[in-house]
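Listed below are the residues making up each chain.
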Amino acid sequence: MFLNEGLKDLRDKGLYNVINPVEGANGPIISIDGKELINLSANNYLGLATNSRMKEACIKATEKYGVGSGAVRTINGTLDIHIKLEEKLAEFKHTEAAIAFQSGFNCNMAAIQAVMGKGDAILSDELNHASIIDGCRLSKAKAIRFNHSDMEDLRKKAKEARESGEYNNIMVITDGVFSMDGDVCKLPEIVEIAEEFDLITYVDDAHGSGVLGKGAGTVKHFGLSDKVDFQIGTLSKAIGVIGGYVAGKRNLIDWLMVRGRPFLFSTAITPGTAAACIEAVNILTESTELHDKLWENGNYLKKGLKELGFDIGASETPITPCIIGDEKLTQDFSRRLNDEGVYAKSIVFPTVPKGTGRVRNMPSAAHTKEMLDKAIAIYEKVGKELGII
Ligand code: PMP
């Protein structure tokens, strides 16, 4: 039957991803199959997914508005609470305006296609997220990949594209923080190249918001808020809920409100979601406590793993890969960590290049020193057992 062969092939090769549901909240300790594990795989960087103020805001809004928003934003699904959220997000990102979507993925589906088309070109970092790749495809613009964070390659390709005279608008797109290695994009150089060759600039800051720039993100971290045209953020990682947003100039946001297809054709985020996200931004702007704790925990875990002799790559953020190399050894390592009480997912080809298999750790502000010490001890035990350290 249709698809059975493909499924069998994946299962026979052990490549079919079996999903084991988390029983309860996705906090620093999770339960899977009745077993408690130290969770180093969630994007819940600041621990806000279980924040009590946000839960309360969500419940209050749900009681007032109901569980659903009732329609797409352009019919009558725009509730006043969506507008409040968008105003909050614009303030948070230091931009004129912002527009909320149902996910970070949808932001890239919406924004790229809304402004780029046939006859345009997009220069895209080769390690950009899948949703950027899909967004570029949807736009029908010519996608030109440049080597990861290689500014010479970007400059060469920008020059070629501009001088060819083949394209109208040319855009450069980069992740703010790259999620597989935890490295930060070279934004000052990207902006310089963009100015030289008249490029539209687009930063997907899914992993930088709440983490860099005292919480405001990668663009703020570099002090370049007035130089970046599109700032994409997600409400699902540091913010701890679900949804995404594009922040930028008023005319850009106005355009997305009439041309961003998921805004026009997919139902708006729930009022409870909007309320929880507003409260998250309040929390982030009131104090840097959670942000500071995240960095303290990230640095602590990094130091512990590095001292044991693990290769933690080129991370500049709390995302801490443990690069193992061999795909099978990486998967065995992750499984053994799991047996011993640490949930840290293995990431192998094709998500990362062949021979660079890794176990990726995402510490959060919600982890305690005791949890991290325990995780480091388990890493030591399993690392020695498998001959990795
Ligand atoms: N962009 C990047 C860079 C991401 O890492 C992700 C999530 N993995 C997304 C977009 C999608 O965000 P969301 O989960 O909110 O759809």
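Placed above this text is the structure.
What you see is a predicted model; the values in this text were computed from it and never measured.

Turning next to the overall build of the chain. Regarding its fold elements, the chain presents 15 helices and 13 strands. Overall, the chain is about 55 × 55 × 55 Å in size when its C-alpha atoms are taken along their principal axes. In the chain, buried positions account for 53% of the 389 residues. For the chain, restricting intrachain contacts to residue pairs at least 6 apart in sequence, the fraction spanning at least 24 positions comes to 70%. Surface summary for the chain: the accessible area is close to 17800 Å², and the carbon and sulfur share equals 52%.

In this section: the pairing of strand β4 (residues 121–125). Among the five residues in β4, five count as buried, and that is most of the element. Neither face of β4 is open: one carries A121, L123 and D125, the other I122 and S124, and all of them are buried. Here β4 runs beside strand β5 (residues 142–146); their pairing, made up of five bridges, is parallel. Considered in β5, the bridge of L123 is made with I144. As for the winding sense of the linkage, the β-α-β connection from β4 through helix α6 (residues 130–139) to β5 is right-handed. Pairing between β4 and strand β6 (residues 170–175): four bridges, direction parallel.

Between side chains of opposite charge, a pair can form when the charged atoms approach closely. For the structure on display, the rule yields 26 salt bridges. The residue R336 makes a salt bridge to D339 at a minimum N-O spacing of 3.2 Å. Placement of the pair is R336 and D339 together in helix α14 (residues 327–340), with a separation of three residues, close to one helical turn. Judged by its relative accessible area of 47%, D339 falls in the partly exposed class. In this structure, R336 and E385 form a salt bridge, with 2.6 Å as the shortest nitrogen-oxygen distance. Here R336, found in helix α14, pairs with E385, found in helix α15 (residues 369–385); they are 49 residues apart in sequence, far enough to count as distant. Under the relative-accessibility criterion, E385 is labelled partly exposed at 42%.

So, on to the site of the ligand. As a matter of local geometry, the ligand sits amid 13 residues, with G104, D204, H207, T234 and K237 nearest to it. Measuring from an oxygen atom of the ligand, one finds a backbone N or O atom of G104 at 2.8 Å. Note that a nitrogen atom of the ligand is positioned 3.1 Å from one of the side-chain N or O atoms of K237. Of the residues in the shell around the ligand, the class split is two nonpolar, eight polar and three charged.

Before going further, it helps to spend a moment on the sheet that holds strand β9 (residues 244–248). Strand pairing in a sheet is mediated by backbone hydrogen bonds. Such pairs are either parallel or antiparallel. Taken in spatial order, the seven strands make up an open sheet running β3-β9-β8-β7-β6-β4-β5, and their pairing is mixed. Of all strands in the sheet, those with a lone pairing partner are β3 (97–101) and β5, marking the two edges. Within the sheet, the average angular offset between the axes of one strand and its neighbour, ignoring direction, is 20°. Note that strand β7 (residues 200–204) and strand β8 (residues 230–234) share three bridges and pair parallel. Across the sheet, Y202 pairs through a bridge with F230, a residue of β8. Along the sheet, helix α10 (residues 250–259) makes contact with β3, β8 and β9, crossing β3 at roughly 30°.

Within the element layout of this structure, T174 appears in strand β6. For T174, a relative accessible area of 2% translates into the label buried. Beyond its immediate stretch of four places on either side in the chain, T174 contacts D125, N128, C185, I190, Y202, V203 and D204.

This paragraph deals with the packing of helix α5 (residues 104–115) against α10. At a minimum axis distance of 10 Å, the contact between α5 and α10 shows a crossing angle of 105°. Accordingly, the angle class assigned to the pair α5 and α10 is roughly perpendicular. On α10, the residues that touch A110, A111, A114 and V115 of α5 are L252, W255, L256 and R259.

Following F349, the chain continues into P350 via a peptide bond in cis, with omega recorded as 10°. Take P350: it is sitting in the loop between β12 (346–347) and β13 (357–361). Phi is positive for L3, close to 80°, though the residue is something other than glycine. Examined against the element boundaries, L3 turns out to sit in the segment before α1 (4–12). The backbone phi angle of S149 is positive, close to 50°, even though this residue is not glycine. With respect to the helices and strands, S149 occurs in the loop between β5 and α7 (151–164). For S149, a relative accessible area of 9% gives the class buried.

Cut-offs and rules
- Residues numbered from 1 in each chain as written.
- Predicted model: local features only at pLDDT ≥ 70, side-chain atom pairs only at ≥ 80, totals over all residues.
- Heavy atoms only, no water.
- Helix = DSSP H or I, 4+ residues; strand = E, 2+ residues; numbered from the N terminus.
- Buried < 20%, exposed > 50% of the residue type's maximum accessible area, 1.4 Å probe, protein only.
- Contact = heavy atoms within 4.5 Å.
- Areas by Shrake-Rupley, 256 points an atom, 1.4 Å probe, with all protein chains shown as cover.
- Pairing = 2+ DSSP bridges.
- Right-handed = clockwise from strand over helix to strand, strands pointing away.
- Salt bridge = Lys/Arg side-chain N within 4 Å of Asp/Glu carboxyl O.
- Near = heavy atom within 4 Å.
- Polar contact = N/O pair within 3.5 Å; in protein donor to acceptor, adjacent residues only side chain to side chain.
- Nonpolar A, V, L, I, M, F, W, Y, C, P; charged D, E, K, R; others polar.
- Axes fitted to C-alpha atoms, helices over the stretch in contact; angles between N-to-C directions.
- Parallel < 35°, antiparallel > 145°, perpendicular 65-115°, else oblique.

Note that every value here comes from positions in space, so none of it alone points to a role or purpose.
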